Amino acid sequence: MNSIKIGILGFGTVSQGTCELLIDNAELISKRINTNITIAKIFMRNPKKYEHIRLPDDTKVVSDAQDILQDPEISIVVELMGGTDFARECIEKALENGKNVVTANKDLMAEAGPYLLDLAERNHVDLRFEASVLGGIPIIRTLYESLGGNKITELVGIMNGTTNFILTKMTEEGTSYTETLKEAQSLGYAEADPTADVEGYDAARKLAILSSISFNRRIFFEDVEVEGISHIDTADIEFGKEFGYNIKLLGIAKETKKGLSLNVYPAFIPLTHPLASVRGSYNAIYVKGNGIDDAMFYGRGAGSLPTGSSVVSDIMEIAKNINFNSTGRLAPFYFEKKSIYAPGKISSSYYIRLVVENKTGVLAKVTTKLAEQRISVLSVLQRNDDPEKAVIAIVTSSCPRSYILNVLDAFNNLRVVKKVSSVIRIMGE
């Protein structure tokens, strides 16, 4: 039976999960690929921190990444350090040295993935990155292999477990955003600085990676329009329930005749849609293709073992390619030039919450302003709990974003409107 040596860069949560699976499932893995995978070396910046973790006797801990990158016996380098600058240096050096690479680094792949894939192709080696998006959900290989015969027209995903946990708790328990965020941090779902999660940047990076594959175009993080969840109020969630919606932070990528639209934002979803039932820290991705029609993939989007499972899957795939002398066969999947059209042109229905004067004729003035922008009203709810003020929640017909921005300006100049409290998109069925 063949034997392949791997070197792992970093020994954090995902790396430890990867090692655990490689060790515990070693016999199963070797039988499935007819190859023994040996963890030859692990690069750790602070080895003493991990002295309590038992590793195989033949695994060497090194404090210099070059000990892995320059080792001629190591065929696969597994980058699990995170960050971008040093990780990119290491991956580039590994590829240039003719080593195959597995990475879980979504930040780097969203920033420089196409360039690194070009480098891998030039050096006839593999670069695999299944674990960079949605943890244990096997979506990347599904898109470029299992669904390779489809023209993908739309991706809609809950791509961040932290925000889904927060919005689920707010919906089910009525807690405030601030209170729920603190709980998420105490449970380890959110970082001390949660900006990347709650402001949508993490989801945007994942959407960029998936969109590159789905739409065959070089797409980067900066191509995605991003809006986070920090402004979401429990009042909006309660109104949403009455309208028949659940709220989620969505990554949405679509291809139409106008071009591509790439967005991350909180949106109301009809309760009849499968994504509406994705709770807690789970992730899901909904794919539309001209062959499969609709398909949804659901599971753990992060964590030591779920993400480690995707890393091990990539290692096994590369090992099979090494055995058959077929590394570097994955051709770049971005070959078309497609325009990304302006966010203002993207159409959807909207939820708008207004604080207005509590008197006769106000609703008529509000609907008149909507009509002037060619926006129809589909549903209205009104609360008159205060003798001076009333709250109006409106669901509009589908219209371009630019129309909504215009009507918001009109509301702000309307004397009877005291405040535009919320504007939230609504995803169609």
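Residues numbered from 1 in each chain as written. Predicted model: local features only at pLDDT ≥ 70, side-chain atom pairs only at ≥ 80, totals over all residues. Heavy atoms only, no water.

The protein chain carries the name Homoserine dehydrogenase in an unreviewed UniProt entry, which gives Veillonella montpellierensis DNF00314 as its organism. According to UniProt, the comment filed for the protein chain under the heading Sequence similarities (unreviewed entry) is "Belongs to the homoserine dehydrogenase family." According to the UniProt record, the Catalytic activity (unreviewed entry) comment for the protein chain reads "L-homoserine + NADP(+) = L-aspartate 4-semialdehyde + NADPH + H(+)". (UniProt positions renumbered as here; feature names shortened; annotations may be inferred.)

## Things to note about the overall build of the protein chain
What the protein chain contains, in helices and strands, is 14 helices and 17 strands. Burial statistics for the protein chain: of 429 residues in total, 54% are counted as buried. Summing over all exposed atoms, the protein chain offers an accessible surface of approximately 19000 Å²; the carbon and sulfur share of this is 46%. Measuring between centres, the 48 positive side-chain charges of the protein chain sit 4 Å from its 53 negative side-chain charges. (Helix = DSSP H or I, 4+ residues; strand = E, 2+ residues; numbered from the N terminus. Buried < 20%, exposed > 50% of the residue type's maximum accessible area, 1.4 Å probe, protein only. Areas by Shrake-Rupley, 256 points an atom, 1.4 Å probe, with all protein chains shown as cover. Lys, Arg positive; Asp, Glu negative; His and termini not counted. Charge placed at Lys NZ, Arg CZ, Asp CG, Glu CD.)

## Comments concerning the domain arrangement of the protein chain
Split into domains, the protein chain comes out as domain 1 (2-136 + 303-324), domain 2 (140-300) and domain 3 (345-426). Put simply, the middle of domain 2 and the middle of domain 3, counted by C-alpha atoms, are 26 Å apart. Contact between domain 2 and domain 3 buries roughly 1500 Å² in total, counting both sides, with carbon and sulfur atoms accounting for 65%. On the domain 2 side of the contact with domain 3, Phe 239, Phe 243 and Phe 268 bury the most area, a combined 41% of that side's loss. Counting across the domain 2 and domain 3 interface gives 3 salt bridges. Notably, a salt bridge pairs Glu 227 with Arg 425, separated by 3.0 Å at the nearest N-O pair. Viewed at the interface, domain 3 and domain 2 are joined by 6 residue pairs in polar contact (both at pLDDT 80 or more). If you list the elements that add at least two residues to the side of domain 2 that touches domain 3, you get helix H11 (234-243), strand S9 (245-256) and strand S10 (259-270). Counting residues per element, the side of domain 2 that touches domain 3 draws most heavily on S10, at 6 residues. Along the lines of polarity and charge, the residues of the side of domain 2 that touches domain 3 split into 10 nonpolar, 2 polar and 5 charged. (Domains from an automatic or database assignment. Buried area = accessible area lost by both parts, 1.4 Å probe. Salt bridge = Lys/Arg side-chain N within 4 Å of Asp/Glu carboxyl O. Polar contact = N/O pair within 3.5 Å; in protein donor to acceptor, adjacent residues only side chain to side chain. Nonpolar A, V, L, I, M, F, W, Y, C, P; charged D, E, K, R; others polar.)

## As for the pattern of salt bridges
Two side chains carrying opposite charge are able to pair once their charged atoms lie near each other. One pass over the full model with this rule turns up 24 salt bridges. Put simply, Asp 314 and Arg 141 hold a salt bridge, and the shortest N to O gap is 2.7 Å. Highlighted residues: Asp 314 in helix H12 (residues 304-323) and Arg 141 in helix H6 (residues 140-146), separated in sequence by 173 residues. Neither Asp 314 nor Arg 141 differs from the other in exposure class; each is buried.

## Focus: the UniProt feature "binding site: NADPH" (unreviewed entry) in the protein chain
Sequence positions flagged by UniProt for "binding site: NADPH" (unreviewed entry) are, in local numbering, Lys 106. Judged by relative accessible area, Lys 106 falls into the partly exposed class, the value being 23%. For Lys 106, the residues in contact, after removing those within four places along its chain, are Ser 132, Asp 202, Arg 205, Lys 206 and Ile 209. (Contact = heavy atoms within 4.5 Å.)

## Quick word on the pairing of strand S11 (residues 282-289)
As a general feature of sheets, a regular strand has side chains that alternate between the two faces. Of all the 8 residues making up S11, 6 are buried; the element is thus mostly covered by neighbouring parts of the structure. When strand S7 (residues 152-158) meets S11, the two strands line up antiparallel, connected through 6 bridges. Bridged to Gly 157 within S11 is Ile 285. In this antiparallel pair of consecutive strands, S11 and strand S12 (residues 293-300), the connection spans 3 residues. (Pairing = 2+ DSSP bridges.)

## So, the environment of Ser 30
Secondary-structure assignment places Ser 30 in helix H2 (residues 26-33). Expressed as a C-alpha distance, the spacing of Ser 30 and Leu 9, which sit 21 residues apart in the sequence, is 22 Å. Contact partners of Ser 30, with chain neighbours within four places excluded, come to Met 1, Thr 35 and Asn 36.

## Some points on the packing of aromatic side chains
Scanning the model with the defined rule gives 9 aromatic pairs in all. Taken together, a centroid distance of 6.3 Å and an interplanar angle of 85 degrees make the contact between Tyr 201 and Phe 221 edge-to-face. Of this pair, Tyr 201 sits in helix H10 (residues 201-215) while Phe 221 sits in the loop between H10 and strand S8 (225-226), and the two are 20 residues apart along the sequence. Taking relative accessible area as the criterion, Tyr 201 reaches 34% and is therefore assigned partly exposed. Considering the side-chain rings of Tyr 282 and Tyr 298, the 5.0 Å spacing of their centres and the 5 degrees angle between planes classify their relative orientation as stacked. One end of the pair, Tyr 282, is in strand S11; the other, Tyr 298, is in strand S12, with 16 residues separating them in the sequence. Classification of Tyr 298 as partly exposed rests on a relative accessible area of 47%. The structure contains a cluster of three or more aromatic residues connected by ring pairs, namely Phe 243, Tyr 245, Phe 268 and Tyr 351. (Phe/Tyr/Trp six-rings, centres within 6.5 Å; stacked < 30°, edge-to-face > 60°.)

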